[in-house]
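# Fold and contact review
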Amino acid sequence: MSDLKNKGFGTRSIHNEIHENEYGALTFPIFATSTIVFDDAQQGGRRFALEEGGFIYSRLGNPSTMYLEQKMASLEGCEAALALSSGMGAIGTVFMTALKTGDHVVSDKVIYGCTHALFEHQLHKFGIDVTFVDFTNEAEVKAAIKENTKILYVETPANPTLKIVDLAVVAKIAKEHNLMSVVDNTVATPYLTRPKEYGIDVIVHSATKYLNGHGDVIAGIICGDNDFLTKCRLEGQKDITGSVMSAFDAFLINRGLKTLHVRMDKHSENAMKVAEFLDGHPAVKIVYYPGLKSHANHEIAKKQMGGKYSGLLAFELKGGYDAALNLANSLQVFKLAVSLGDCESLIQHPASMTHSPYSAEDRLAAGIDDGLLRASIGLEDVDDIINDLKVQLDKLV
Ligand code: LCS
């Protein structure tokens, strides 16, 4: 479709500027090919020398992934995007592309468990240090910046406590200190938050989650400017991580994106109702959901997420750890599983599951209590979701 730039989010999640195929198929085909045939040897040489556009070999790009990348760049409002084989592949590729031995990173304390493991246990092997701070405290972030700092890294809403970070503040500090700002936008998705609008440089996603939305793919996306994304593609992805998305997974995520706006509306609506129910239940100690007025950064979330708050929430019970595990074991509509952003409601225990790579000390400093449960609210009828919780919670009072 031409003039797509001026169309709304839903239209851009369904249509794309490129849509050429020989047979006029409505759905963009799956290009299940590892390599591309050149017209002649000279053309192959020109493509390797980057004198001519076009595909070479699917570790460097493929029509199916290109189709998804163009759509994601449009939805995030960025110049370019890159598809990878997982969210960790996306994060690892950004770091391997942007950093070298001797560099330093400042990250928020509350991030996905394996991202924390990368920062805490892996990067130092390459001589890269990470300092963990609270990005809601501007002075603390500034105090952590050193001469060799290169990246500021945050998730918002953060997994698993739904902590909200003000992206305008992160971008401002990054610009003042000439640093790259990187935001994991997995939980909000570009439907609710477009970090680029606040001046963030690089956006990473676990496309495993809401972007695909159907629990059948592991995938990642990086969005940003042309120069950095070309480096990620031709250095980080091609020569270091080799973290390439398959054409079939690109097809599935593209299919998922067509309903992203509809699903996010419903996830947000359902999660708001579940959060309100939990907040009012006498067996519940605390609920973390950015849509609740009681959330520490509700006002920033309201501004940054356009009045909808995605489908992820967390809570603690008055009965603590034992009550939490019993609840997780007894639900019927909720499936006891990690991951998030699927049609099915999922519940899990961060301290022993997604955030088990944290040391107990770091976990507590990040506000991830041993009794915390994290719920990804799905697209089932919300009365069924609430009733599933109510039946079990009522037994505790
Ligand atoms: N970023 C965030 C915010 C995530 O939640 C995850 C995975 C990743 C990155 C990594 O993405 P992946 O490589 O799995 O595609 N989060 C998970 C979770 O909360 N439960 O299981 C995986």
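Cut-offs used in this document
- Residues numbered from 1 in each chain as written.
- Predicted model: local features only at pLDDT ≥ 70, side-chain atom pairs only at ≥ 80, totals over all residues.
- Heavy atoms only, no water.
- Helix = DSSP H or I, 4+ residues; strand = E, 2+ residues; numbered from the N terminus.
- Rg over C-alpha atoms; globule rule 2.2 N^0.38 Å.
- Buried < 20%, exposed > 50% of the residue type's maximum accessible area, 1.4 Å probe, protein only.
- Contact = heavy atoms within 4.5 Å.
- Areas by Shrake-Rupley, 256 points an atom, 1.4 Å probe, with all protein chains shown as cover.
- Lys, Arg positive; Asp, Glu negative; His and termini not counted.
- Charge placed at Lys NZ, Arg CZ, Asp CG, Glu CD.
- Pairing = 2+ DSSP bridges.
- Axes fitted to C-alpha atoms, helices over the stretch in contact; angles between N-to-C directions.
- Phe/Tyr/Trp six-rings, centres within 6.5 Å; stacked < 30°, edge-to-face > 60°.
- Disulfide = S-S within 2.5 Å.
- Parallel < 35°, antiparallel > 145°, perpendicular 65-115°, else oblique.
- Left-handed = near helix turned anticlockwise from the far one by under 90°.
- Near = heavy atom within 4 Å.
- Polar contact = N/O pair within 3.5 Å; in protein donor to acceptor, adjacent residues only side chain to side chain.
- Nonpolar A, V, L, I, M, F, W, Y, C, P; charged D, E, K, R; others polar.
- Expected span 1.5 Å × (residues − 1).

### Some details on the overall build of the protein chain
- A count of helices and strands for the protein chain gives 15 helices and 12 strands.
- Since a compact globule built from 397 residues should have a radius of gyration of about 21 Å, the 21 Å found for the protein chain is in line with a globular shape.
- Taking the principal axes of its C-alpha atoms as reference, the protein chain extends roughly 75 × 55 × 35 Å.
- Taking all 397 residues of the protein chain together, the buried fraction comes to 54%.
- Across the protein chain, contacts joining residues at least 24 apart in sequence account for 72% of those joining residues at least 6 apart.
- Accessible surface computed for the protein chain: about 16500 Å², of which carbon and sulfur atoms make up 52%.
- With 38 positive and 50 negative side-chain charges, the protein chain shows a spacing of 2 Å between the two charge centroids.

### Observations concerning the sheet that holds strand S5 (residues 180-184)
- Spatially, S1-S7-S6-S5-S4-S2-S3 is the arrangement adopted by the 7 strands of the open sheet, whose pairing is mixed. The open sheet has two free edges, formed respectively by strand S1 (80-84) and strand S3 (129-133), since each of these has just one partner strand. In this sheet, neighbouring strand axes are inclined to one another by 20° on average, regardless of whether the strands run parallel or antiparallel.
- Where S1 lies against strand S7 (residues 220-224), 5 bridges are found, and the strand directions are antiparallel. Pairing of Leu84 across the sheet is with Gly220, part of S7.
- Sitting on the sheet, helix H4 (residues 87-98) touches S1, strand S2 (104-108), strand S4 (149-155), S5, strand S6 (202-206) and S7, and the angle it makes with S6 is about 150°.
- Here helix H9 (residues 226-241) sits on the sheet in contact with S1, S5, S6 and S7, set at roughly 25° to S1.

### Remarks on the packing of aromatic side chains
- The final tally for this structure, using the stated rule, is 9 aromatic pairs.
- A ring pair is formed by Phe28 and Phe31, whose centres lie 5.7 Å apart and whose planes are at 45°; its orientation type is tilted.
- An angle of 10° between the planes, with centres 4.0 Å apart, marks the rings of Phe28 and Tyr67 as stacked. Of the two residues, Phe28 sits in the loop between helix H1 (9-14) and helix H2 (41-48) while Tyr67 sits in helix H3 (residues 63-76), which places them 39 residues apart along the sequence. Here Phe28 matches Tyr67 in class, with each residue buried.
- Aromatic ring contacts, followed pair by pair, group Phe95, Phe119, Phe132 and Tyr153 into a single cluster.

### Some remarks on the sheet that holds strand S12 (residues 373-376)
- Reading across the sheet, the 5 strands line up as S8-S9-S12-S11-S10 and stay open at both edges, with mixed pairing between neighbours. Both outer strands of the open sheet, strand S8 (284-288) and strand S10 (335-336), are each paired with one neighbouring strand and no more.
- Together, S8 and strand S9 (312-317) form the strand contacts of helix H11 (residues 260-279), whose direction differs from that of S9 by roughly 10°.

### Examining the state of the cysteines
- Applying the stated criterion to the full structure yields 0 disulfides.
- We note that Cys78 lacks a disulfide partner, and the nearest cysteine sulfur, in Cys223, lies 5.1 Å from it.
- Residue Cys78 is classed as buried on the basis of its relative accessible area, which comes to 10%.

### What about the side chain of Ser206?
- With respect to the secondary-structure elements, Ser206 resides in strand S6.
- Residues contacting Ser206, with those up to four places away along its chain left out, are Gly87, Thr186 and Ala219.

### Concerning the packing of H4 against helix H5 (residues 113-122)
- Interaxial distance between H4 and H5 falls to 10 Å at its minimum, and their mutual angle equals 25°. Taken together, the axes of H4 and H5 are roughly parallel relative to one another. Seen along the crossing, H4 lies across H5 with a hand that is right-handed. In this structure, H4 contributes Met88, Ile91 and Phe95 to the contact, and H5 contributes Cys114, Thr115, Leu118 and Phe119.

### Side note on the site of the ligand
- The immediate surroundings of the ligand are formed by 18 residues, with Asp184, Ser206, Thr208, Lys209 and Arg374 found nearest.
- Here an oxygen atom of the ligand and a side-chain polar atom of Thr208 are 2.6 Å apart.
- Between Arg374 and the ligand, the recorded distance is 2.7 Å, taken from a side-chain N or O atom to an oxygen atom.
- Its free accessible area being 480 Å², the ligand has 92% of it covered by the protein chains.
- For the shell around the ligand, the element with the most residues is H4, which contributes 3 residues.
- Split into classes, the residues belonging to the shell around the ligand amount to 6 nonpolar, 8 polar and 4 charged.

### Considerations on the environment of Leu179
- Within the element layout of this structure, Leu179 appears in the loop between helix H7 (167-176) and S5.
- For the pair Leu179 and Asn137, spaced 42 residues apart in sequence, the C-alpha separation works out to 18 Å.
- If we ignore the near neighbours within four places in the chain, the residues touching Leu179 are Ile145, Thr149, Lys150, Leu152, Ala174 and Asp201.

### Observations concerning H3
- Between its first and last C-alpha, H3 extends 20 Å over 14 residues, near the 20 Å set by a 1.5 Å rise per residue.
- The element H3 is largely enclosed, with a buried count of 11 among its 14 residues.
- For H3, the complete set of buried residues consists of Pro63, Ser64, Thr65, Tyr67, Leu68, Glu69, Lys71, Met72, Ala73, Leu75 and Glu76.
- Of the residues flanking the end of H3, it is Gly77, one or two places downstream, whose phi is positive at about 70°.

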